[in-house]
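Given next are the chains, with one letter for each unit.
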Amino acid sequence: MRVLVALSGGVDSSVAAALMTEQGHEVVGATMKLWGGPSDSGCCSVADVEDARRVCQQLGVAHHVFNFSSEFERDVVAPYVEGHARAVTPNPCISCNAHLKFDRFWQRARHLGFDAIATGHHARVSGRPTGRVGGPGAGPWHLRRGRDAAKDQSYVLYMLGQAQLRDLVLPVGEMTKEEVRAHASRLGLRTASKPDSQDVCFISRTGGRSAFLGDRIPVGPGRLVSPEGVQLGEVQELELLTVGQRRGLGPAGHIGPGAGPSGRRYVLDVDLVQRKATLGPLAGLMVSSLDVGGVTWVDEEPQTGEALQVQMSAHGRPVGGHWEPSPLGDGHGRVWLVEPVRRVAAGQAVVLYRPDPDGDLVVGGGTSGG
Amino acid sequence: MPWLSGAYGNPSGHHSVAAAARTALDQARDVLAGALGTVPGDLVVTSGGTESDNLAVLGRALLAPGAVVVGAVEHHAVLNAGRAASQLTGQPLRTVGADRHGRVDLSELAKALDPTVSLVSVQLVNNELGTVQPFADVAALVRRRAPRAVLHTDAVQAAPWFDVAVLAEGADLVSISAHKFGGPQGAGALAFRRPVELAPLLHGGPQERERRAGTQNVAGAVGMAAALAAVRAAAPREAVRVAALRDRLAAGLLERVPGSVLTVGPGVPTAPGHCHVLIEGVDSEELLFMLDTMGLAASAGAACASGAMEPSHVLRAIGTAPEAARGALRLTLGHTSTDEDVEQALEVVPRAVASLRSVGASPGPLARRSA
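Keep in mind that this is a model prediction, so the values were computed, not measured.

Check the secondary structure of chain A and you find seven helices and 17 strands. Taken against the 2.2 N^0.38 rule, which gives 21 Å for 370 residues, the C-alpha radius of gyration of chain A at 22 Å falls within 12% of a compact globule. Within chain A, counting contacts between residues at least 6 apart in sequence, those at least 24 apart form 64% of the total.

Okay, here's the thing in structure tokens:
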């Protein structure tokens, strides 16, 4: 097979490329240049591109850099910024997967006549690619959690459809992170002990989210009020508050009656029109169902009342629940949970899994309506 | 190459091995100075075109602060040296636009010139398009409107083909780079054609008449001189031969690749080796990948620090629409290019374009799914 491997410059994608080479495939490595601005982690820095290139040199495979920075700005950064301006917090890594890795990159592999693409994600795809990227092929393909539960990344892949699964190889999905690092060490790859990337690649640790957004959207003060409407305090940057947030609320976060038994208040709601955020005890955040929109299916749609697992953040604990589609059939619906969970900020991904002894299967997912 | 083995002397030393190196360097300097229209003592050997451009632009601006005027289609070595000069001196950087063929806009240049201007830098030949600049007109304008200004020209792209001493008539400072005419990488020169005081960028010993400290790259200078002598000797014949190859390549591409246009219009003088086309509906990053796998090395613009291709500042400056600039393809022919190379390009490029187009645009798997 002729495989285009997406290398971020990290250890997982390095080993993915190594494994594909060892299996005798014709491998070409490629790194996407996504972000042109300052970055201290993530997949976009020159140092990371250099690591990817050096790994490819060691493996004896060609390496290319694809400049997708204008698409990244348009499809990931702009929606992220624009979301915050209307109290929605999209997960940029998921938009990046949807628009860059599994769309733009997939398109490129298809144009260049590759038979498959491979990435370093910790997840598993059943079956093997069969022919050219974008070509016909019989499924169904299944997407399963990675072998290493602690490193599983199937959550950020929920948007994949059959069309991509048929072209996708995830070579490290059957390995634990330790095994991945051990393999990289055995091969002497320079990325063997490189730390895992953290956080959002285009937001630097020094300035943080607040500096990044503050430069791009109008940010202004707002009132902090109790659910009864009693004024508790003020914040300078209302746009930067997220539902569920506890830190950074000042004295309003813990003083006064109604702060709950822990004596702490959480952000229950952000209202940018009335310039206020409602604070209250944890109990005020707990919900037993979630409104989900923009749902896409990886696998067979859930049956009525079928017991599923629901995951609401990248490394969050899954909770039992079931899916109730909207009668309109418009990709909206409601997830009912067997136990109350903290409400998820609007824009966050909600992913449904079908329990399976060999590793839970991703059924599909969408974004929380808040 | 004896200058890297037996005759491995420091040309500033006082023993016989050093003398051999010194002689070799002096002889190289004679050749280079002759070709660039100056005297051997006024030729500074550098590490390449970038250093030569920086020494000229930054060195002049630091010694005689004043406005710096550069063309918008200059090489980054000039553009960024101009930016640095402006930042360091607090004096303005004036960037002069170009017409749609890449020629500096003379009326805009005239407006940018005044007695406060300290340095003007305009290339002889554009590195991406091959367009030959109307340098005599530039020089005349500068003399008339900016009497204090030093006129620098980046002749890096011109040196392989033209008699720089003649084409750069009117320039005070001339940059060249060895690897553009078959010499070694990491060697270049800045020729002083009139007495110009510059602040050195490298401080240390008194080499190069105190204009560039550091032991000279003897092997590089010798290689550069030999290569320049060789291309100069072959130039008139080679220019005709390569221009004919290029014309055949350009005509062939236009004929065999539907939706392709030449970036530089007919009748505009260009360097013989440059062939720049815009191809509709293909992405040059994808096209270059395909061409590379088919054994053809081509280019589209400049690369950034990560190695990714950047949208060309030259195409932007000449007003090419971003959509059209996406399909830029630059093929350059050199002294080693042959009929077979052109045949190969004319076979491979249309095939690569057709292959990319046959796959066609697709809304993408995700778009299809949610539709």
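Right, let's talk about the packing of helix α1 (residues 16–36) of chain B against helix α8 (residues 218–256) of chain B for a bit. All names here are of chain B. Viewed as axis vectors pointing N to C, α1 and α8 meet at an angle of 35 degrees, and their least axial separation amounts to 9 Å. The interaxial crossing formed by α1 with α8 has left-handed handedness. Here α1 contributes Ala21, Ala24, Leu25, Ala28, Val31, Leu32 and Ala35 to the contact with α8, which in turn contributes Val218, Ala221, Val222, Met224, Ala225, Leu228, Ala229 and Arg232. Class assignment for the residues of the contact of α1 with α8 results in 14 nonpolar, no polar and one charged.

On to unusual backbone geometry, then. Residue and element names in this part refer to chain B. A positive phi angle, close to 55 degrees, is found at glutamate 208, a residue other than glycine. Tracing the sequence through the fold places glutamate 208 in helix α7 (residues 207–210). Assessed through the 20 C-beta atoms surrounding it within 10 Å, glutamate 208 is described here as buried. A positive phi is found at glutamate 210, a non-glycine position, where the angle reads about 60 degrees. Residue placement: glutamate 210 occurs in helix α7. Judged by local crowding, glutamate 210 falls into the exposed class, with 11 C-beta atoms found within 10 Å.

Right, let's get into the domain arrangement of chain B. All names here are of chain B. On domain assignment, one finds that chain B holds domain 1 (2–230) and domain 2 (234–358). Counting residues at the interface gives 20 residues for domain 1 and 23 residues for domain 2. Residue classes in the side of domain 1 that touches domain 2 are distributed as eight nonpolar, nine polar and three charged.

The next thing to look at is the interface of chain A and chain B. At the interface, 22 residues of chain A touch 19 residues of chain B. For the side of chain A that touches chain B, the elements supplying multiple residues, two or more each, are α2 (46–59), β3 (62–67), α4 (92–111) and α5 (162–165) of chain A. Taken together, the residues of the side of chain A that touches chain B sort by class into 10 nonpolar, eight polar and four charged.

Working note: regular strand, side chains alternate between the two faces of the sheet. Examined bridge by bridge, strand β10 (residues 266–271) of chain A and strand β11 (residues 276–280) of chain A share five bridges and lie antiparallel to one another. Paired with A:Tyr266 across the strands is A:Gly280, a residue of β11(A).

So, on to the confidence of the model for chain B. Taken over all residues, the pLDDT of chain B has a mean of 93, while the share at 70 or more is 96%. Quick note on the complex model: pTM equals 0.89, ipTM equals 0.84.

A few words on the sheet that holds strand β10 (residues 328–332) of chain B. All names here are of chain B. Judged by pairing direction, the sheet is antiparallel, and its three strands sit side by side in the order β8-β9-β10 without closing on themselves. Unpaired on one side and paired on the other, β8 (260–262) and β10 mark the two borders of the sheet. Going from strand to strand, the sheet's axes swing by 30 degrees on average, the running direction of each strand aside. In this structure, strand β9 (residues 274–279) lies alongside β10, joined through five bridges in antiparallel fashion. Following the sheet pairing, cysteine 275 is matched in β10 by leucine 331.

With that settled, the discussion passes to the confidence of the model for chain A. Taken over all residues, the pLDDT of chain A has a mean of 90, while the share at 70 or more is 95%. Taken element by element, the predicted model of chain A shows its lowest mean pLDDT in helix α7 (residues 208–214) of chain A (84) and its highest in helix α1 (residues 11–22) of chain A (98).

Residue and element names in this part refer to chain A. With five of its six residues buried, strand β16 (residues 349–354) lies for the most part within the structure. Two strands pair when backbone bridges link them, and strand β13 (residues 308–311) and β16 are joined in this way by three bridges, in the antiparallel orientation. Each residue of the ladder has a partner; that of glutamine 311, found in β16, is valine 351. Across six bridges, β16 lies against strand β17 (residues 361–368) in antiparallel orientation. Following the sheet pairing, arginine 354 is matched in β17 by leucine 361. Where β16 folds back onto β17 in an antiparallel hairpin, the turn is made up of six residues, including glycine 359, whose phi is positive at roughly 120 degrees.

The rules behind these values
- Residues numbered from 1 in each chain as written.
- Chains lettered and ligands numbered in written order.
- Predicted model: local features only at pLDDT ≥ 70, side-chain atom pairs only at ≥ 80, totals over all residues.
- Helix = DSSP H or I, 4+ residues; strand = E, 2+ residues; numbered from the N terminus.
- Rg over C-alpha atoms; globule rule 2.2 N^0.38 Å.
- Contact = placed C-beta atoms within 7 Å.
- Axes fitted to C-alpha atoms, helices over the stretch in contact; angles between N-to-C directions.
- Left-handed = near helix turned anticlockwise from the far one by under 90°.
- Nonpolar A, V, L, I, M, F, W, Y, C, P; charged D, E, K, R; others polar.
- Buried ≥ 20, exposed ≤ 12 C-beta atoms within 10 Å, placed from the backbone.
- Domains from an automatic or database assignment.
- Pairing = 2+ DSSP bridges.
- pLDDT = per-residue confidence, 0-100.

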